[in-house]
Amino acid sequence: MEYKIRNAKLEDIAEIIELCSEHALFEKCEFEKDGKAEKLATFLFSEKPAINCLIVQNNQEILGYATYSFEFSTWNANYYTHMDCLYLRPQARNYGIGEKLVSEIVKITKQHGYEEIQWQTPKFNEKAIKFYQRIGANYKEKYRFNLK
């Protein structure tokens, strides 16, 4: 499969929101699309973006995305890259695209002088867990909490 990985553009916002919706459905979560376009545009495309987004594209079709940001770890006394999302549409899976996306984020992480990437995936996502282990990732068993 031919594809390219590129940085997201402002005109990708609607498709990014659609990918987020598909991703949430895949992870058995709820997702509300309303009001997301303006917020995402601000956080992705401001002078100092809070988050970055890579897009996987085949011709005119967007096949997936990965988002990441830079955070600080007190335990490591250093910054690391937090990969918030990595999602590929079903037709883009099993072509090595996920590995290429992770490799691109590793490259970006090293360009910033950081050494580590962290992310999470649901326990039931066995294919993702096997993929992450295959590319050499280790995991820590923790629960992720949220409070609103």
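This report concerns the structure included in the present document.

**Some remarks on the overall build of the protein chain**
Consideration 1: Assigned secondary structure in the protein chain consists of four helices and five strands.
Consideration 2: Start at the N end of the protein chain and walk to the C end: the helices and strands fall as β-α-α-β-β-β-α-β-α.
Consideration 3: Relative to a compact globule of 148 residues, whose C-alpha radius of gyration would be 15 Å, the protein chain shows 15 Å and is just as compact.
Consideration 4: Dimensions of the protein chain, computed from C-alpha atoms along their principal axes, come out at roughly 40 × 35 × 35 Å.

**Section: helix 3 (residues 97-111)**
Consideration 1: Taking 1.5 Å of rise per residue, the 15 residues of helix 3 would be expected to cover 21 Å, and the 21 Å separating its terminal C-alpha atoms lies within 8% of that figure.
Consideration 2: Within the span of helix 3, buried status applies to I97, G98, L101, V102, I105, I108 and T109. One side of helix 3 holds all its buried residues, which, seen down the axis, span an arc of 140°. Summarising the geometry of helix 3, the exposed residues directed more than 90 degrees from the buried face are K110 and Q111.
Consideration 3: Those residues of helix 3 that are buried are in contact with strand 1 (4-7), strand 2 (52-58), strand 3 (61-73), strand 4 (78-88), strand 5 (117-118) and helix 4 (126-134).
Consideration 4: A positive phi of about 85° marks G113, the residue just after helix 3.

Definitions and limits used
Residues numbered from 1 in each chain as written. Predicted model: local features only at pLDDT ≥ 70, side-chain atom pairs only at ≥ 80, totals over all residues. Heavy atoms only, no water. Helix = DSSP H or I, 4+ residues; strand = E, 2+ residues; numbered from the N terminus. Rg over C-alpha atoms; globule rule 2.2 N^0.38 Å. Expected span 1.5 Å × (residues − 1). Buried < 20%, exposed > 50% of the residue type's maximum accessible area, 1.4 Å probe, protein only. Arc of directions from axis to C-beta. Contact = heavy atoms within 4.5 Å.

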